[in-house]
Amino acid sequence: MSARVVIVGAGHAGISTALELREAGFTGPVVVLDQAGHDPYERPPLSKAWLAGAVSTGELAFRAREVYARRRIELRTGVRVDAIDRGSREVVTADGTRLPYDHLVLATGARPRALPVPGAGLAGVHRLHTLTDALALRAALDTARALAIVGGGFIGLEVAAAARKRGVPTTVVEAAPRLMRRVVSEPVSAFYHRLHEDAGCVVRTEAVVAELTGEDGHVTGVRLAGGATVPADMVVAGIGVTPETGLAGAAGLATGDGVLVDEALRTSDPAVFAVGDCARFPLGDAMERLESVQNAADQGRAVAAAVTGDARPYRDVPWFWTDQHGCKLQIAGIATGADEWAVVGSVQERRFTVLCWRRGALVAGESVNRPADHLALRRLIAAKASISPAAARADGFTLKDHARALAG
Ligand SMILES: Cc1cc2nc3c(=O)[nH]c(=O)nc-3n(C[C@H](O)[C@H](O)[C@H](O)COP(=O)(O)OP(=O)(O)OC[C@H]3O[C@@H](n4cnc5c(N)ncnc54)[C@H](O)[C@@H]3O)c2cc1C
């Protein structure tokens, strides 16, 4: 087990792979390369506790630097990988250095989509993906008089919550008919819509951005397709990400909205794996790409197992969370295509869970301030437990009892 593993990307997936290799007993060299010039850090707090000032920048680090050294993980930051030479099994860095590998792990993540409208390059237009973006955004919030957020997904709404907490007048502009449409059920969308409005945020759905207006090179507003303008001296675009597949594609690996991998997370070249936001993998009867810390961390563990000869199909139940205005939403499973749902608990008291079924099978559950439900759901969905909508709607129903029955 002295083969050499090279990992491109020191985000959640890359660092998880490196640490899990050591947990799995891998003794060979592990090298992690990242183009960013600073130590690896957690992204989720950037739009939540860190933006709200509750967590310091130092607290974002995954691990203290010594941990990498102690585990003999060679971390090289400020190093961009420009090419993969699959013939000689080497990666080539921007300064021309060639680094050999036996196993290569692509953990290159994703990059935010730019607003495809005139004015997107004006000063005062922000995005939120890296610590550098976050520092600029937080500084701008200190003096912002009117903030417009384009995109009513997780990132946009988390930023809206933090901005309102600081008293910044905020408008969210969303093209879809409801917030977070891609990832949550209607009742959860409606709940968060009200929550944001109650906090003084203006929410405009079915509002398509035509242009960002500006004066002297600085943004002054967001003009909508119908002609109305939302005045803003600061704009945040949160309209999704594009997987970083450039390296893989140039090396002839199969790609398509992500680096395509099999159940063991191997690309079309068995010496090369892909993990995290950049990987598109088989999940159920579809190919999915997930943007979550859980997916990145668990895929890192799965690759470490494969490299150490213990390959298992990657079938972990996806889960995700967001925090907005003190209401923590935890999602287990994937609700895409759900055709029936039931609400358990009290929406009014801000403690409820929405169960989602697709063709009669329980596929996802969204819990607001009900962490015990979320944990139960992760187990129930993993076990493909059968709970009918009628049973969930009956008096006295609890998810905990079902999860307990599963164990017993
Ligand atoms: C603001 C924000 C909030 C989030 N909140 C949540 C949340 O609440 N819950 C949740 O589950 N997820 C959240 N996410 C998503 C989560 O952070 C990502 O799913 C996760 O970071 C993906 O990890 P990754 O390692 O695949 O990619 P990344 O963390 O993006 O890391 C990829 C790394 O690869 C490096 N890289 C790329 N190309 C090269 C190259 N050619 N050479 C060298 N280095 C390269 C990049 O510099 C980067 O450091 C959030 C993301 C953001 C941005």
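Residue positions are given per chain, counting from 1 as you read along its sequence in written order. Local features in this predicted model are restricted to residues of pLDDT 70 or higher, and side-chain atom pairs are both shown and tallied only at a pLDDT of 80 or more, whereas totals for entire chains, interfaces and linings draw on every residue. To get the side-chain values, all heavy atoms of the structure are used, and hydrogens and water are removed first.

Caption draft 1: Spotlight on helix α5 (residues 186-198). Under the scheme used here, helices are H or I runs from DSSP no shorter than 4 residues and strands are E runs no shorter than 2 residues, and both carry numbers assigned from the N terminus. Expected span, for any helix, means 1.5 Å times one less than how many residues it has. Here α5 spans 18 Å end to end across 13 residues, near enough to the 18 Å set by a 1.5 Å rise per residue. Among all positions in α5, only P187, V188, S189, F191, Y192, H193, L195 and H196 are buried. G200, located one to two residues past α5, shows a positive phi value of around 90°. Each residue gets one of three labels from its accessible area relative to the maximum for its type: buried under 20%, exposed over 50%, partly exposed in between, using a 1.4 Å probe on protein chains only.

Caption draft 2: Geometry of the packing of aromatic side chains. Aromatic rings from Phe, Tyr and Trp, taking only the six-membered ring of Trp, are treated as a pair when their centres fall within 6.5 Å; an angle between ring planes under 30 degrees marks them as stacked, one over 60 as edge-to-face, and anything in between as tilted. Evaluation of the coordinates by the stated rule reveals 6 aromatic pairs. With centroids separated by 6.4 Å and ring planes inclined at 35°, the aromatic side chains of F320 and W321 adopt a geometry described as tilted. A relative accessible area of 22% means that W321 is categorised as partly exposed. Taken together, the ring pairs connect F154, W319, F320 and W321 into an aromatic cluster. Put simply, a charge is over a ring when the Lys NZ or the Arg CZ is close to the ring centre, within 6 Å, and near the line of the ring normal, within 35 degrees. Across the ring face of W50, the terminal group of R138 is positioned such that the distance to the ring centre comes to 3.8 Å.

Caption draft 3: The arrangement of the nonpolar core in detail. Nonpolar cores were defined as sets of buried Ala, Val, Leu, Ile, Met, Phe, Trp, Tyr and Cys residues, with membership established by side-chain atoms within 4.5 Å. Ranked by internal contacts, the top residues of the largest apolar core, which has 52 residues, are I7, V32, V91, L104, L106 and L265. For this core, the leading source of residues is helix α7 (residues 293-307), giving 6 residues. Ignoring any residue separated from it by four or fewer positions in sequence, one finds L106 in contact with V8, I84, L247, A248, L253, V272, F273, A274, V275 and C278. Counting residues in each nonpolar core, the second largest holds 43 residues, with A134, F154, A163 and V172 among its members. We call two residues in contact whenever any of their non-hydrogen atoms come within 4.5 Å of each other.

Caption draft 4: Broad picture of the domain arrangement of the protein. If you check the domain split of the protein, you get domain 1 (5-111 + 241-308), domain 2 (114-237) and domain 3 (326-406). The domain boundaries here were taken from an automatic or database domain assignment. For domain 1 and domain 2, the distance between their C-alpha centres works out to 30 Å. Tallying the contact residues gives 13 residues for domain 1 and 15 residues for domain 2. Once two parts are brought into contact, the accessible area they lose, counted with a 1.4 Å probe and summed over both, makes up the buried area. Across the domain 1 to domain 2 interface the summed buried area is about 1300 Å²; carbon plus sulfur atoms make up 62%.

Caption draft 5: The arrangement of the UniProt feature "domain: FAD/NAD(P)-binding" (unreviewed entry) in the protein in detail. UniProt positions are given in the numbering used here, feature names are shortened, and annotations may be inferred rather than shown by experiment. In this numbering, the UniProt entry assigns the feature "domain: FAD/NAD(P)-binding" (unreviewed entry) to residues 4-300. For residues 4-300, helix accounts for 23% and strand for 28%, while the C-alpha atoms at its two ends are 16 Å apart.

Caption draft 6: Quick peek at the side chain of T322. Its location among the elements puts T322 in strand β22 (residues 319-324). Under the rule applied, a polar contact is a pair of N or O atoms within 3.5 Å (in protein, one hydrogen donor and one hydrogen acceptor; residues adjacent in sequence only if both atoms are side-chain atoms). Among the polar contacts listed, one links the side chain of T322 to the side chain of E158, at a separation of 2.5 Å. Apart from residues lying up to four places away in sequence, T322 is in contact with K48, F154, E158, C327, K328 and L329.

Caption draft 7: The arrangement of the site of the ligand in detail. Around the ligand, the structure places 30 residues, and the nearest of them are A13, D34, K48, D277 and V293. Interatomic distance of 3.1 Å between a backbone N/O atom of H12 and an oxygen atom of the ligand. Take S292: an N or O atom from its main chain is 3.0 Å from an oxygen atom of the ligand. For the ligand, the protein covers 93% of the area, taking 1000 Å² as the surface of the free molecule. Within the residue set of the shell around the ligand, elements represented by two or more residues are α1 (12-23), β2 (30-34), α7 and β22. Amino acids outside the nonpolar list (Ala, Val, Leu, Ile, Met, Phe, Trp, Tyr, Cys, Pro) and the charged list (Asp, Glu, Lys, Arg) are all regarded as polar, and Gly is one of them. Across the shell around the ligand, the residue classes tally to 14 nonpolar, 10 polar and 6 charged. Shared between two domains, the shell around the ligand takes at least three residues from each, and those domains are domain 1 (5-111 + 241-308) and domain 2 (114-237). Near, as used in this document, describes a residue that has one of its heavy atoms within 4 Å of the molecule or strand being considered. Each accessible area is a Shrake-Rupley result for a 1.4 Å probe, and residues are judged covered by the shown protein chains and nothing else.

Caption draft 8: Spotlight on the pattern of salt bridges. Here a salt bridge means any side-chain nitrogen of Lys or Arg lying within 4 Å of a carboxyl oxygen belonging to Asp or Glu. Taken as a whole and judged by the stated rule, the model has 21 salt bridges. In this structure, the salt-bridge partner of D85 is R98, at a minimum N-O distance of 2.5 Å. Of this pair, D85 sits in strand β4 (residues 81-85) while R98 sits in strand β6 (residues 98-100), and the two are 13 residues apart along the sequence. The class of R98 is partly exposed, set by a relative accessible area of 40%.

Caption draft 9: Examining the sheet that holds strand β25 (residues 351-358) more closely. When DSSP finds two or more bridges between a pair of strands, those strands are recorded as paired. Reading across the sheet, the 5 strands line up as β22-β23-β26-β25-β24 and stay open at both edges, with antiparallel pairing between neighbours. Two strands in the sheet have a free side with no partner beyond their single neighbour: β22 and β24 (340-346). Shown here is a sheet whose adjacent strand axes are inclined to one another by a mean of 15°, direction ignored. Pairing of β22 with strand β23 (residues 327-333), which is carried by 6 bridges, proceeds in the antiparallel orientation. Looking at the pairing, Q324 lines up with C327 of β23. Lying over the sheet, helix α4 (residues 154-165) contacts β22 and β23, oriented at roughly 25° with respect to β22. Note on geometry: axes are lines fitted to C-alpha atoms, helical ones only across the stretch in contact, with angles between N-to-C directions running from 0 to 180 degrees. Relative to the sheet, helix α8 (residues 371-382) contacts β22, β23, β25 and β26 (361-368), its axis offset from that of β26 by approximately 165°.

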